[in-house]
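What follows is the residue order along each chain.
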Amino acid sequence: LQIETELRRAVERDEFEVHYQPIVDLPTGKVHAFEALVRWRHPERGLVQPDDFLPIAEETGLILPIGQRMLDEVCRRVAAWQRDIGRPDLSVSLNISNRQFWHGGLVDDVARSLHDSGLTARSLSLEITEGVIMHNVGLARKLLKDLHGLGCRLHIDDFGTGYSSLEALHRLPIDALKIDRSFVSGLGVDPRSGELVRTIVLMGRNLGLDLIGEGIENAEQREHLLRLDCTYGQGYLLSRPVPAEPAAALVTRRH
Ligand code: G
Ligand code: G
Ligand code: MN
Ligand code: NA
């Protein structure tokens, strides 16, 4: 209850900030996009990671105002980067929790943030897990179609850890699969991980999807993903999640 009270106060005082982790074009090493990740700047405890407060935010519904704040800031920030850095193609991914996806206002919230910030919809990707979608595939399909109708891109997060059927995936307006880091971490160690990643890439390609390997922590994993024709990657090897200013510097840096 203590943390719930503190979290409520944090929403009122706006103690949240956004960190950005680059999603890199693996063949060139250039920053393709960012994943936005929420952090809580606690007045005494310092920077609190999402795993320590998002479950309570989700349970209490406080994820809704937190998510709204993330959405607004991320859209404004990336619209500014597109202008200032001269990279109109730069895009950003935002994680959408179960409660955010199903609360009934997501499409309107996204439309409003895009409108207010001037960010083009195709520059905003929404990351949703299989589990959230499979809750009710029929209804999810309608929601995803509405979001896609706005022009947003839709990414399946942690792909491979859930239970979505190929048939269901095929009928959803999905743009990319994020290959879960549990598979990437096995590359070069466990032959089965390689086979799994190969299969996911082939399947994604056949469905016309982009592929993003998550959790790349060493050069061997990056080389493996490149060999398996996974175009995009993300992970500590490339960069940890960082605040907005250093994130912008990663885009302008020469490679
Ligand atoms: O940043 P980190 O790797 O610690 O994130 C931990 C978890 O929190 C991940 O599952 C991530 O998807 C989730 N997460 C991070 N930021 C956000 C956010 O802004 N909204 C939602 N819904 N989840 C987030
Ligand atoms: O569930 P989701 O995929 O959104 O979670 C993203 C989380 O993964 C973030 O909390 C981020 O900090 C973390 N992350 C990003 N890169 C790496 C990595 O290379 N290794 C590990 N272990 N975690 C990572
Ligand atoms: Mn994610
Ligand atoms: Na993920």
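Residues numbered from 1 in each chain as written. Chains lettered and ligands numbered in written order. Predicted model: local features only at pLDDT ≥ 70, side-chain atom pairs only at ≥ 80, totals over all residues.

Enquirer: If you had to explain the site of ligand 2 to someone new, which residues and values would you point to?
Expert: Residues in close proximity to ligand 2 total 14 residues, the closest being Asn95, Gly215, Glu217, Gly235 and Tyr236. For the shell around ligand 2, a count of residues per class yields four nonpolar, five polar and five charged. (Near = placed C-beta within 6 Å. Nonpolar A, V, L, I, M, F, W, Y, C, P; charged D, E, K, R; others polar.)

Enquirer: How would you sum up the site of ligand 1? Please name residues and give values.
Expert: With respect to spatial proximity, 13 residues lie near ligand 1, and among them Leu37, Val38, Pro50, Asn95 and Ser97 are the closest. Within the residue set of the shell around ligand 1, elements represented by two or more residues are β2 (30-42) and α3 (63-86). (Helix = DSSP H or I, 4+ residues; strand = E, 2+ residues; numbered from the N terminus.)

Enquirer: Break down the pairing of strand β4 (residues 91-95) for me, citing the residues and quoting the values.
Expert: Here β2 pairs with β4 via four bridges, running parallel. What sits directly across from Glu35, in β4, is Ser93. Sheet topology note: the β4/strand β5 (residues 124-129) ladder contains four bridges and is parallel. Across the sheet, residue Ser93 finds its bridge partner in β5, namely Ser125. (Pairing = 2+ DSSP bridges.)

Enquirer: I'd like a rundown of helix α11 (residues 219-227), residues and numbers included.
Expert: The complete set of buried residues in α11 reads Gln221, Arg222, His224 and Leu225. Around the axis of α11, the buried residues are gathered within 160 degrees of arc, so they sit on the same side. Among the exposed residues of α11, those pointing more than 90 degrees away from its buried face are Ala219 and Arg227. If you follow the buried residues of α11, they end up packed against α9 (181-184), α10 (191-206), β8 (210-213) and β9 (232-233). Of the residues trailing α11, Asp229 is marked for its positive phi of about 70 degrees. (Buried ≥ 20, exposed ≤ 12 C-beta atoms within 10 Å, placed from the backbone. Arc of directions from axis to C-beta. Contact = placed C-beta atoms within 7 Å.)

Enquirer: How would you explain the packing of α3 against helix α5 (residues 106-117) if you had to name every residue and give the values?
Expert: Two elements in contact, α3 and α5, have axes whose closest approach is 9 Å; the angle formed by their N-to-C orientations is 35 degrees. Of the two elements, α3 crosses α5, and the hand of that crossing is right-handed. On the side of α3, the interface is formed by Gln68, Leu71, Asp72, Cys75, Arg76 and Ala79, while α5 contributes Asp109, Val110, Ser113, Leu114 and Ser117. Grouping the constituent residues of the contact of α3 with α5 by class yields five nonpolar, three polar and three charged. (Axes fitted to C-alpha atoms, helices over the stretch in contact; angles between N-to-C directions. Left-handed = near helix turned anticlockwise from the far one by under 90°.)

Enquirer: Any details on the nonpolar core? Residues and values, ideally.
Expert: Within the largest apolar cluster, 62 residues are counted, with the highest numbers of intra-cluster contacts made by Val74, Leu94, Ile179 and Leu211. The biggest single contributor to this core is α3, with nine residues. (Core = buried A, V, L, I, M, F, W, Y, C linked by C-beta atoms within 7 Å.)

Enquirer: Before we move on, can you summarise the confidence of the model for the protein chain with the specific residues and values?
Expert: Mean pLDDT over the protein chain stands at 96; residues scoring 70 or higher make up 99%. On the interface metric, ipTM, the complex scores 0.98, and its pTM is 0.97. (pLDDT = per-residue confidence, 0-100.)

Enquirer: Run through the packing of α3 against helix α12 (residues 244-252), naming residues and quoting values.
Expert: At a minimum axis distance of 12 Å, the contact between α3 and α12 shows a crossing angle of 40 degrees. For α3 against α12, the interelement crossing comes out right-handed. Of the residues in α12, those in contact with Arg77, Trp81 and Ile85 of α3 are Ala244, Ala248, Val251 and Thr252. In terms of residue class, the contact of α3 with α12 is built from five nonpolar, one polar and one charged.

Enquirer: How would you summarise the environment of Ile128 if you had to cite specific residues and measurements?
Expert: Looking at the secondary structure, you find Ile128 in strand β5. A C-alpha to C-alpha distance of 9.6 Å links Ile128 and Phe159, two positions 31 residues apart in sequence. Apart from the residues within four sequence positions on either side, Ile128 is in contact with Ile96, Phe101, Ile133, Leu154, Ile156 and Asp157.

Enquirer: Any chance you could break down unusual backbone geometry for me, citing the residues and the numbers?
Expert: Although it is not a glycine, Asp158 adopts a positive phi angle of roughly 55 degrees. Tracing the sequence through the fold places Asp158 in strand β6 (residues 153-159). On the basis of neighbour count, Asp158 is assigned to the partly exposed category, with 18 C-beta atoms found within 10 Å. In the Ramachandran plot, Asp229 falls in the positive-phi region, its phi being about 70 degrees despite a non-glycine side chain.

Enquirer: I'd love a proper account of the pairing of strand β7 (residues 176-179), names of residues and values included.
Expert: In β7, alternate side chains face the same way, and those of Ala176 and Lys178 on one face and Leu177 and Ile179 on the other are all buried. Note: β6 against β7, three bridges, orientation parallel. In the sheet register, Ile156 faces β7, and the bridge partner there is Leu177. Strand direction decides the pairing type here: β7 and β8, joined by four bridges, are parallel. Its bridge partner being in β8, Ile179 is matched across the sheet by Gly213.

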